[in-house]
Amino acid sequence: MLRPQPMKAAMPPSSRIPEISTIIGMSPPPKSMATHLESPSPYAGSAPVTAALTTPEPAVLRLLDANLDRAREGLRVLEDWCRFGLDRQDLVARLKDLRQRLGRCHLPAYKAARHTASDGGAGLAHPAQAERPQPAQVVAANAGRAQEALRVLEEFGRASDPLLAAEAAAIRYALYDLEVDLMRACGAAAGRREQLLR
């Protein structure tokens, strides 16, 4: 008479199935790498990105203040022409949003570093400024002025104010697209004025 054989104990899952990295001949990833891959992205959610900040020297503070002023003034020139010259409230709203976003980055520390009396470039004029008789030329010049100032903010803000640098970059790229719409609107308005004068 055959005796029933005792059932073998089930192997624990950890010993029954080998690690996939052993099957394909690879060593498992280092623990530090696994921890890095499991950690959330610093850009996820709405939490601000933290960075090792450096205290800017007074010259950099003055430079950031001057270019914040320059960019905001250029945007305001564009905004006012869209409001009074083109009657384009859609463009006014877009420009106002960019200007106010930049204004929130204009910290009191930057304004406190301002010293116009010692700025050798303050009030410096250029003959090209007198060669803009048409509104479209004023719009183009001020769009370029704002874009150049935003690039300066982006470059010099990276070490001391990365949030300012990131916002300046985002506004600069938005202004590139907005400038195209502005120039088209200026061209259309000029065409309408020519027809009215005929």
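Here, every reference points to the structure presented above.
Structural notes, computed from the coordinates. (Residues numbered from 1 in each chain as written. Predicted model: local features only at pLDDT ≥ 70, side-chain atom pairs only at ≥ 80, totals over all residues. Heavy atoms only, no water.)

1. Quick word on helix 4 (residues 58-85)
Thought 1: For helix 4, built from 28 residues, the straight-helix expectation of 40 Å at 1.5 Å per residue is met to within 8% by its first-to-last C-alpha distance of 40 Å.
Thought 2: Here helix 4 has its buried residues at Val 60, Leu 61, Leu 64, Asp 65, Asn 67, Leu 68, Ala 71, Gly 74, Leu 75, Leu 78, Glu 79 and Cys 82.
Thought 3: Immediately beyond the C-terminal end of helix 4, within one or two residues, lies Asp 87, with a positive phi of roughly 55°. (Helix = DSSP H or I, 4+ residues; strand = E, 2+ residues; numbered from the N terminus. Expected span 1.5 Å × (residues − 1). Buried < 20%, exposed > 50% of the residue type's maximum accessible area, 1.4 Å probe, protein only.)

2. Some words on the packing of aromatic side chains
Thought 1: Evaluation of the coordinates by the stated rule reveals 1 aromatic pair.
Thought 2: Taken together, a centroid distance of 5.8 Å and an interplanar angle of 80° make the contact between Tyr 173 and Tyr 176 edge-to-face. With a gap of 3 residues between them, Tyr 173 and Tyr 176 both fall in helix 8 (residues 162-197), about one helical turn apart.
Thought 3: Assessed through its relative accessible area of 32%, Tyr 176 is described here as partly exposed.
Thought 4: Geometry around Tyr 173 places Arg 172 over its ring, the cationic atom sitting 4.7 Å from the centre. (Phe/Tyr/Trp six-rings, centres within 6.5 Å; stacked < 30°, edge-to-face > 60°. Lys NZ or Arg CZ within 6 Å of the ring centre and 35° of its normal.)

3. Things to note about the pattern of salt bridges
Thought 1: Tallying each qualifying case throughout the model produces 13 salt bridges.
Thought 2: Where Asp 97 meets Arg 101, a salt bridge forms, and the shortest distance between an N and an O atom there is 3.7 Å. Within this pair, Asp 97 and its partner Arg 101 are both found in helix 5 (residues 89-103), separated by 4 residues, close to a single helical turn.
Thought 3: Where Arg 158 meets Glu 155, a salt bridge forms, and the shortest distance between an N and an O atom there is 2.8 Å.
Thought 4: One salt-bridge network, held together by shared partners, links Arg 151, Glu 154, Glu 155, Arg 158 and Arg 172. (Salt bridge = Lys/Arg side-chain N within 4 Å of Asp/Glu carboxyl O.)

4. What about the side chain of Glu 154?
Thought 1: Take Glu 154: it is sitting in helix 7 (residues 135-157).
Thought 2: For Glu 154, a relative accessible area of 10% gives the class buried.
Thought 3: For Glu 154, the side chain forms a polar contact with the side chain of Arg 172, separated by 2.6 Å.
Thought 4: If we skip the residues at most four places from it in the chain, Glu 154 touches Ala 165, Ala 168, Ala 169 and Arg 172. (Polar contact = N/O pair within 3.5 Å; in protein donor to acceptor, adjacent residues only side chain to side chain. Contact = heavy atoms within 4.5 Å.)

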